[in-house]
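Examination of the molecular architecture
Listed below, chain by chain, are the residues.
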Amino acid sequence: MGYNTNKCVKTDHKNRRRVSSISWRLFGALAIFTVLILIVIWIFQVVLLNIFYKKSKLDEFYRAEKEIIETIEDKDDLKKTIYSHSIDSDMCIRVFRVVDGSAKEIVSSRSNSGCVIHNISNDGLSHIYKTAEKNGGRYIRKINSKLNDKQASSTIYASVIENGGNKYVLMFDSDLTPFNATVQTLEMQFGWIMVILIIGALVWALFVSRIICLPMKKMSRSARRLARGDYGEHFEGGGYTEADELADALNFAASELAKSDNLQKELIANISHDLRTPLTMIKGYSEVMRDIPGENSPENVQVIIDESERLSELVNDMLDLSRIKAGTRKPELEVFNLTETIRTVMLRYEKLTERDGYDISFDSDIDVCVNADTSMILQVVYNLINNALNYTGEDKKVRIVQSVNESAVRISVIDTGEGIEEEQLPYIWDRYYKVDKVHKRARVGTGLGLSIVKEILESHGANFGVDSKKGEGSCFWFELGISSFCAENEE
Ligand code: ADP
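Residues numbered from 1 in each chain as written. Predicted model: local features only at pLDDT ≥ 70, side-chain atom pairs only at ≥ 80, totals over all residues. Heavy atoms only, no water.

Another aspect to go through is the overall build of the chain. Looking only at helices and strands, one finds 12 helices and 12 strands in the chain. The C-alpha radius of gyration computed for the chain amounts to 52 Å, which surpasses the reference 23 Å derived for 491 residues by more than 25%, pointing to a less compact arrangement than a globule. Considered along the principal axes of its C-alpha atoms, the chain spans approximately 160 × 60 × 45 Å. Every one of the 491 residues in the chain was classed for burial, and the buried ones make up 37%. Counting contacts in the chain only where the partners sit at least 6 residues apart, residues at least 24 apart contribute 66% of the total. (Helix = DSSP H or I, 4+ residues; strand = E, 2+ residues; numbered from the N terminus. Rg over C-alpha atoms; globule rule 2.2 N^0.38 Å. Buried < 20%, exposed > 50% of the residue type's maximum accessible area, 1.4 Å probe, protein only. Contact = heavy atoms within 4.5 Å.)

Written as structure tokens, this is what we have:
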């Protein structure tokens, strides 16, 4: 089954390639377009030409007929009219007067020797006259004849008219042979034009598709190399806008992939380093205590306990972050006194103040209740204060300030440390991102602190940020909507 599926996929892939080849599509489109244009021209130039030509000939007959009727009583004028039409419109004309049932020619003109109306017998003429009379006075026919072994065709028009009490028969004959020859030449030409244009369309399609496809092919080769992990791959356009834009987009994607690949490598290196350090310490101290008599001291045990704590802190942070990211740890909202909670947190840092000389203060003028997840917000506050303690300046000062406006409370954690460069600011919220890679003090973090802060605050829909300038300390802050102003010491 697996093999079959594979086979199918391969065949599909091949078919897809053949069907969607740009050269063939382009050629197909051009060929169809060419054929359509030729058909339209052929319809007008060959098929409809016959009809147009016939119509224009008939118009000439009618014009001549009208003028003949106007001049029929004056023989000289009549002759002039007939000759001029005969020469101008290349037609043969005969005019008969019907006297006592038989027609007598009064004037005639022939533009060429092949005129049917001049060459047919009297019976033929009489047949035309009678048919015209039967048809209400008009006779129109296309006649094919053979003269001196040459095939000829002409249009015959005859009309029976009454004028001044006399009856006349007018006969016109126009040779169609040159027209037929023209149509034949056009038809032959069309055949050749069609072949030439289709070959031209093929060549043009191949040429254009080469221009379009070549850069595409190059880019797909580069993309394959990129997929194999060659992130240094450079995509080149083809000198036309769309290909250049595609190349730019792919180059951007390649550089982003390279960045994320580096980040991933760095991430793995950081995780393994952070996990390995406490483990090495625990293992080392345990071995020393086991092997060297007298090393089983409370200080050494404390190191093992501290490192185990750090390890579990790291693992907990990793779990927290992945739980929040995966959405399995959702904020459990409850209304609590944020000001009082921070005051309680401050008590826990008292020991640190006494022992290490830190100066930690909390400014608040009113107690504020918020609707949030208490333990999550506590995690945020701890993380921000720990970072501030870790990075504050030589004066070891850290200020926590609560400021309140109508609808929100802002908690700012301010230190006097070296601050963060502007271009580093967007990245400090990323997992394992470290500006200096080295923590200043022993109270090391896990490198996950700010990303946990970010995830928690985002899950609360809270505003947060950092104001920091290199050399001027940092102020990390977050804002929560005020649920109510609560009485002091009420939680
Ligand atoms: P870490 O465990 O490294 O402190 P965090 O996610 O808490 O991890 O912080 C990420 C990085 O942001 C830190 O490595 C540090 O470079 C920078 N940073 C965080 N807080 C401060 C601060 N108060 N002052 C200066 N830099 C800070």
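We now examine the nonpolar core. Core analysis: the biggest nonpolar cluster contains 44 residues, and Leu338, Ile400 and Phe478 have the highest contact counts within it. The leading source of residues in this core is helix H11 (residues 374–391), at eight residues. Excluding residues within four positions of it along the chain, leucine 338 makes contact with Val368, Cys369, Val370, Ile377, Val409, Ile411 and Leu480. (Core = buried A, V, L, I, M, F, W, Y, C linked by side-chain atoms within 4.5 Å.)

Here we take up the packing of aromatic side chains. Under the counting rule described, the total for this entry stands at eight aromatic pairs. Pairwise contacts between aromatic rings join Phe61, Tyr62, Tyr157 and Phe172 into one cluster. Taking the ring centre of tyrosine 358 as reference, the NZ or CZ of lysine 396 above it sits at 5.2 Å. Lying across the ring of tryptophan 477, arginine 410 places its NZ or CZ 3.8 Å from the centre. (Phe/Tyr/Trp six-rings, centres within 6.5 Å; stacked < 30°, edge-to-face > 60°. Lys NZ or Arg CZ within 6 Å of the ring centre and 35° of its normal.)

Before going further, it helps to examine the domain arrangement of the chain. Under the domain assignment, the chain is made up of domain 1 (5–47 + 182–226), domain 2 (74–178), domain 3 (241–323) and domain 4 (330–490). Contact residues are listed per partner, giving four residues for domain 1 and six residues for domain 3. Taken over both partners, the interface formed by domain 1 and domain 3 buries close to 390 Å², and the fraction arising from carbon and sulfur atoms is 96%. Summed over the three residues of domain 1 that lose the most area to domain 3, namely Met216, Met219 and Leu226, the buried surface amounts to 89% of that side. In this assembly, domain 1 and domain 3 are joined by zero salt bridges. (Domains from an automatic or database assignment. Buried area = accessible area lost by both parts, 1.4 Å probe. Salt bridge = Lys/Arg side-chain N within 4 Å of Asp/Glu carboxyl O.)

Bringing the pairing of strand E1 (residues 91–99) into the picture now. Counting buried positions along E1 yields seven of nine residues, so the element is predominantly enclosed. Examined bridge by bridge, E1 and strand E5 (residues 166–175) share eight bridges and lie antiparallel to one another. Bridged to cysteine 92 within E5 is aspartate 173. Judged from the seven bridges that link them, E1 and strand E2 (residues 102–109) form a sheet pairing that is antiparallel. Bridging from a neighbouring strand, isoleucine 93 pairs with serine 109 of E2. Two successive antiparallel strands, E1 and E2, enclose a turn made up of two residues, where aspartate 100 displays a positive phi of approximately 50°. (Pairing = 2+ DSSP bridges.)

We now examine helix H8 (residues 298–326). Here H8 is 29 residues long and its end C-alpha atoms lie 41 Å apart, about the 42 Å a rise of 1.5 Å per residue gives. Among the residues of H8, Asn300, Ile304, Glu307, Leu311, Leu314, Asp317, Asp320, Leu321 and Ile324 are the ones counted as buried. Backbone geometry just after H8 places glycine 327 at a positive phi near 85°. (Expected span 1.5 Å × (residues − 1).)

With respect to the element layout, alanine 205 can be found in helix H6 (residues 177–227). Using a relative accessible area of 0% as the deciding quantity, one classes alanine 205 as buried. Sequence-wise, alanine 205 and leucine 26 are 179 residues apart; in three dimensions their C-alpha atoms are separated by 5.4 Å. Residues contacting alanine 205, with those up to four places away along its chain left out, are Ser23, Leu26, Phe27 and Leu30.

Unoccupied space between atoms shows up once a probe the size of one water molecule is rolled over them. Here the structure, examined in full by the defined rule, presents one cavity of 30 Å³ or more. As a volume, the largest cavity reaches approximately 30 Å³. Going through the elements one at a time, helix H9 (338–348) and H11 are the ones with two or more residues in the lining of the largest cavity. No other element matches the four residues that H11 contributes to the lining of the largest cavity. The residue inventory of the lining of the largest cavity, partitioned by class, reads six nonpolar, two polar and no charged. (1 Å grid on protein atoms, 1.4 Å probe; cavity = no way out; pocket = protein on both sides within 12 Å on 5 of 7 lines; lining within 4 Å. Points joined across faces, edges and corners; volume = space filled by probe spheres on them. Nonpolar A, V, L, I, M, F, W, Y, C, P; charged D, E, K, R; others polar.)

One non-glycine residue with positive phi stands out, namely aspartate 90, at about 50°. Within the fold, aspartate 90 resides in the loop between helix H3 (75–88) and E1. Despite not being glycine, aspartate 100 has its phi angle at roughly 50°, a positive value.

A few words on the environment of arginine 343. Turning to its location among the elements, arginine 343 is positioned in helix H9. Residue classification places arginine 343 among the partly exposed residues on the basis of a relative accessible area of 23%. The sequence separation of arginine 343 and asparagine 166 amounts to 177 residues, and the corresponding C-alpha distance is 133 Å.

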